[in-house]
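# Coordinate inspection notes
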Amino acid sequence: MTPDLRCYGDDIQAAAELLPDFDLRSPMDVQVWYAREWQAIADVLGFAQQLAAAPRAVPTTPDRIEAMTLTGLAAFEHALRARRPGVSESHARVQSTVIQSMTGPGFARGELWRMTADPTMLPTGACYDDGARSLRAFYPDTAPGYFGDGWAGPPPRAESACGWQTPLVLHLGTFPWVYSTRLRDVGPGMQWASPASQPALEGLHVVASLLEPATNLRQDARQVAAIYQHFITQTAPLVARLPTFEAGRADAGRLYRRGRFLLAHQGSLHVAALDGPRGRLAAPAYNYILRRFASFFAVRRATLRALATLPVDVQRLAATSADPCLRQQAQEWARAS
């Protein structure tokens, strides 16, 4: 029996099925599935070499996911330190402080995938000093894009020293592609790094936490489903223009559809892109973002199936969630168990 995620929308069940199913109660399944996901993340974000060199301890089952997360984050941090700084130290320090504030207990944990805040209520007003100027630590991202139709929101309640006139919006669930209108080849979040501060590491930590059962249940999946539906709606016409990949009949270097993902046959996916009314969408960004949605719902499905065997506090997250679909699924699986 498989949990039914269609209460989030007919497309959500199909999104979960983009990745192999796994049993959260099986140490082997957990090892294989999470290792595959970390490898996919590392391949896109450029730390596959560091991940391959990382020590592979095999802890007991309850700690297995946490151990693999720590290994993946450590490999990413190692790779970041080998890169040229993307921002100044003062810039990175403010970014790090703001992300820590937005992901801390003072904010709604059910909206970790896309976080919205009044920047003037955040540390330093989400501004950093650049010589004599005060600049915004993040791009404003409230125009219509691939993740939504814009977030005009209420204007900041206080005067901004660096010119904020809109909310600060960050799509941390698809880090490093954190802005709805900037889906080029290199995710903007990859620039969040300096020698002493690594806000990029905190961004990837959010991605990793959403693959952890308890945090996955805390996230209101209705938010994720709505963003996914918008992403698919905006990208479907662009993807539909591409030919379907057929082995033996494909042209080298051409971009194809293979299932729901994109493939550059005998070429580099990193130079391929789709152009639409909402801007240029790099092929690696499309594949990575689609996989982030798929992995979130795959973990949600696996967690529901294993819910009766998880700690009581995790079961309580599902039973008391503001998400009616999650509560319903938890009740049905409790009865079935």
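See above for the structure.
Residues numbered from 1 in each chain as written. Predicted model: local features only at pLDDT ≥ 70, side-chain atom pairs only at ≥ 80, totals over all residues. Heavy atoms only, no water.

## As for the state of the cysteines
- Taken as a whole and assessed by the stated rule, the structure comprises two disulfides.
- For Cys-7, the disulfide goes to Cys-325, at an S-S distance of 1.6 Å. Of this pair, Cys-7 sits in the segment before α1 (10-16) while Cys-325 sits in helix α11 (residues 324-336); the two residues are 318 residues apart in sequence, bridging distant segments of the chain.
- Between the sulfur atoms of Cys-127 and its disulfide mate Cys-162 the distance is 2.1 Å. Note on the Cys-127 and Cys-162 pair: the S-S dihedral is about -70°, so by sign convention the disulfide is left-handed. Here Cys-127 is found in strand β2 (residues 127-130), whereas its partner Cys-162 is found in the loop between β3 (133-136) and β4 (168-171), with 35 residues between them in sequence. Here the two residues Cys-127 and Cys-162 agree in accessibility, since each one is buried.
- Sequence-ordered numbering of the bonded cysteines in the protein gives a pairing of 1-4, 2-3. (Disulfide = S-S within 2.5 Å. Helix = DSSP H or I, 4+ residues; strand = E, 2+ residues; numbered from the N terminus. Buried < 20%, exposed > 50% of the residue type's maximum accessible area, 1.4 Å probe, protein only.)

## As for the pairing of strand β7 (residues 273-276)
- For β7 and strand β8 (residues 279-282), the ladder comprises four bridges, and the chain directions are antiparallel. Its bridge partner lying in β8, Asp-275 is registered against Arg-280. (Pairing = 2+ DSSP bridges.)

## Observations concerning the packing of aromatic side chains
- What the rule picks out here adds up to 19 aromatic pairs.
- An angle of 40° between the planes, with centres 6.0 Å apart, marks the rings of Phe-147 and Phe-231 as tilted. Of this pair, Phe-147 sits in the loop between β3 and β4 while Phe-231 sits in helix α8 (residues 221-240), and the two are 84 residues apart along the sequence.
- Among the residues examined, Phe-147 registers a relative accessible area of 2% and is labelled buried.
- Phe-231 sits in the buried class, given a relative accessible area of 0%.
- With a centroid separation of 5.7 Å and 25° between ring planes, the pair formed by Phe-231 and Tyr-286 is classed as stacked. Highlighted residues: Phe-231 in helix α8 and Tyr-286 in helix α9 (residues 283-305), separated in sequence by 55 residues.
- Judged by its relative accessible area of 3%, Tyr-286 is buried.
- Among the aromatic residues, those joined into a ring-pair cluster are Tyr-8, Trp-113, Phe-147, Tyr-228, Phe-231, Tyr-286, Phe-293, Phe-296 and Phe-297. (Phe/Tyr/Trp six-rings, centres within 6.5 Å; stacked < 30°, edge-to-face > 60°.)

## Points about the pairing of strand β5 (residues 255-258)
- Sheet analysis places β5 next to strand β6 (residues 261-264), joined by four bridges and oriented antiparallel. By the bridge assignment, Leu-255 is partnered in β6 with Ala-264.
- Joining the antiparallel neighbours β5 and β6 is a turn of two residues, in which Gly-259 adopts a positive phi near 70°.

## Observations concerning the pattern of salt bridges
- Per the counting criterion, the structure on display carries 16 salt bridges.
- A salt bridge links Arg-81 to Glu-77; its shortest N-O distance comes to 3.1 Å. Of the two residues, Arg-81 and Glu-77 are both situated in helix α4 (residues 61-82); the distance of four residues between them amounts to about one turn of the helix.
- Glu-77 gets classed as partly exposed once you look at its relative accessible area, which sits at 26%.
- The salt bridge involving Arg-133 is made with Asp-130; its shortest N-O contact spans 2.6 Å.
- A network of salt bridges, in which partner residues are shared, links Asp-21, Arg-301 and Arg-305. (Salt bridge = Lys/Arg side-chain N within 4 Å of Asp/Glu carboxyl O.)

## Brief notes about the environment of Asp-43
- Residue position: Asp-43 is located in helix α2 (residues 27-45).
- Between the alpha carbons of Asp-43 and Arg-56 there is a distance of 18 Å; along the sequence they are 13 residues apart.

## Observations concerning unusual backbone geometry
- Residue Phe-175 is joined to Pro-176 through a cis peptide bond whose omega torsion reads 10°.
- Along the chain, Pro-176 turns up in the loop between β4 and α6 (199-209).
- Of note, Thr-124 is a non-glycine position whose phi angle comes to about 60°, a positive value.
- Taking the relative accessible area as the measure of exposure, Thr-124 reaches 53% and is therefore exposed.
- Positive phi outside glycine occurs at Ala-126, with the angle close to 55°.
- With respect to the helices and strands, the residue Ala-126 is situated in the loop between β1 (114-117) and β2.
- Looking at Ala-126, the relative accessible area reads 0%, which means it is buried.

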